[in-house]
Amino acid sequence: METRELGKQGLKVSAMGLGCMGMSEFYGRADEAQAIKVIHRALELGVTLLDTADIYGPYTNEKLVGRAIADRRDRAILATKFGNVRDSDGNFVGVDGRPEYVRKSCDASLKRLGVDRIDLYYQHRVDPDVPIEETVGAMSDLVRAGKVRWLGLSEAAPDTIRRAHAVHPISALQSEYSLWSRGPEDEILPTVRELGIGFVPYSPLGRGFLTGHIRTPDDLPEGDWRRKSPRFQGKNFEKNLELVDRIRTFAERKGATPGQLALAWVMEQGDDIVPIPGTKHIRYLEENVGALDFHLDDSELKELNAIAPKGVAAGGRYTEVEMQTVDH
């Protein structure tokens, strides 16, 4: 598989990664045995970047990923995150960027993953009450201690990215980016490119909507987080389905699936971009990796940009409360 470099500190990964969150939570029933098979198949296909976080599960997805790569650690680049805090019942209770929390979280993640070093360690959400210099300073200490190789941020604002990068080189910024979430194009992408930071889009398939596999809200399992997402509700759902149908028409001309087209579009936005689509099924994993075979020329990109211009999605990407945790 093609590789891409994230940042300027030597982090090289597969051109497409694998998001592991949905294997444990948020997107319906979890099947650990099947999830491990998906991870193993991803590694066979040349996918090296595996993305998890301490709070997924909560606190079980790292263990799952750790078990999956225990006998093939040298084939995986492990990315995990800290900062979002959940209580014993799984409720989100805030964001913590204090240095002592950074150190504690790293040690806990290392134990759950069953490894002695994390390859890429992200601050999951920026703590507005703790100067980013203090948080990244503690993360930098982890690099010097040999517990972490490279540092990342997630959903951070441009000024925060600059301040963080001045403390210690940031290799990757992870934020939502797709045909229906194009906000990073305004300030985020220009900032990370100026600083030489790689970009890792999560939800490049619009939380599955852009694949075309979701036709009605009833296609989502009971308890699925997306049932509460603004873009998956009522009139928003209907309008967004019209967008997916336009993408499907384009994809069929190209001999691709809607999901493959959506991923190909993301990949064409720059060779410093490594999307991390998530899935719990081998067939969808293979479909996603197949997007690497499709390339879009300038006229096709122009047509897709007309089909899905900035702001095309109906509804916010998160609820109002959830949006309060991003862009700090």
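Residues numbered from 1 in each chain as written. Predicted model: local features only at pLDDT ≥ 70, side-chain atom pairs only at ≥ 80, totals over all residues. Heavy atoms only, no water.

Peer 1: Got a minute to help me understand the side chain of Asn288 in this structure?
Peer 2: Tracing the chain through its elements places Asn288 in helix H9 (residues 282-289). Using a relative accessible area of 6% as the deciding quantity, one classes Asn288 as buried. Discounting chain neighbours no more than four positions away, the residues touching Asn288 are Met16, Leu205, Leu263, Pro277 and Thr279. (Helix = DSSP H or I, 4+ residues; strand = E, 2+ residues; numbered from the N terminus. Buried < 20%, exposed > 50% of the residue type's maximum accessible area, 1.4 Å probe, protein only. Contact = heavy atoms within 4.5 Å.)

Peer 1: I keep staring at the pairing of strand S2 (residues 11-14) and nothing clicks. Help me out?
Peer 2: The side chains of a regular strand alternate between the sheet's two faces. With four bridges connecting them, strand S1 (residues 3-6) and S2 associate as antiparallel partners. Across the sheet, residue Glu5 finds its bridge partner in S2, namely Lys12. In sequence, S1 turns back onto S2 through a hairpin of four residues, with Gly7 there showing a positive phi of about 75 degrees. (Pairing = 2+ DSSP bridges.)

Peer 1: Hey, could you run me through the environment of Glu176 in this one?
Peer 2: With respect to the helices, strands and loops of the structure, Glu176 is situated in strand S10 (residues 172-176). Owing to a relative accessible area of 3%, Glu176 belongs among the buried residues under this scheme. Not counting residues within four places of it along the chain, the set of residues in contact with Glu176 comprises Glu155, Ser181, Pro184, Tyr202, Ser203, Arg207, Arg231, Arg317 and Tyr318. Here Ser181 takes part through its side chain, which lies 3.2 Å from a polar atom of the side chain of Glu176. (Polar contact = N/O pair within 3.5 Å; in protein donor to acceptor, adjacent residues only side chain to side chain.)

Peer 1: So what exactly am I meant to see when it comes to the UniProt feature "domain: NADP-dependent oxidoreductase" (unreviewed entry) in the protein here?
Peer 2: According to UniProt, the positions carrying the feature "domain: NADP-dependent oxidoreductase" (unreviewed entry) are residues 16-307. A helix fraction of 40% and a strand fraction of 14% characterise residues 16-307, whose end C-alpha atoms lie 24 Å from each other. (UniProt positions renumbered as here; feature names shortened; annotations may be inferred.)

Peer 1: Sorry if this is basic, but what is going on with the packing of aromatic side chains here?
Peer 2: Two aromatic rings are characterised by how far apart their centres lie and by the angle between their planes. Overall, the coordinates contain eight aromatic pairs when judged by the stated rule. Each ring, one from Phe82 and one from Tyr121, has its centre 5.1 Å from the other, and the planes form 35 degrees; the classification is tilted. Residue Phe82 is located in strand S5 (residues 77-82), and its partner Tyr121 is located in strand S8 (residues 118-123); the two are separated by 39 residues in the primary sequence. Aromatic side chains Tyr177 and Phe199 sit 5.8 Å apart centroid to centroid with 70 degrees between the ring planes, which places their arrangement in the edge-to-face category. Placement of the pair is Tyr177 in the loop between S10 and helix H6 (188-195) and Phe199 in strand S11 (residues 198-202), with a sequence separation of 22 residues. One cation-aromatic arrangement involves Arg226 over Tyr27; the distance from NZ or CZ to the ring centre is 4.2 Å. (Phe/Tyr/Trp six-rings, centres within 6.5 Å; stacked < 30°, edge-to-face > 60°. Lys NZ or Arg CZ within 6 Å of the ring centre and 35° of its normal.)

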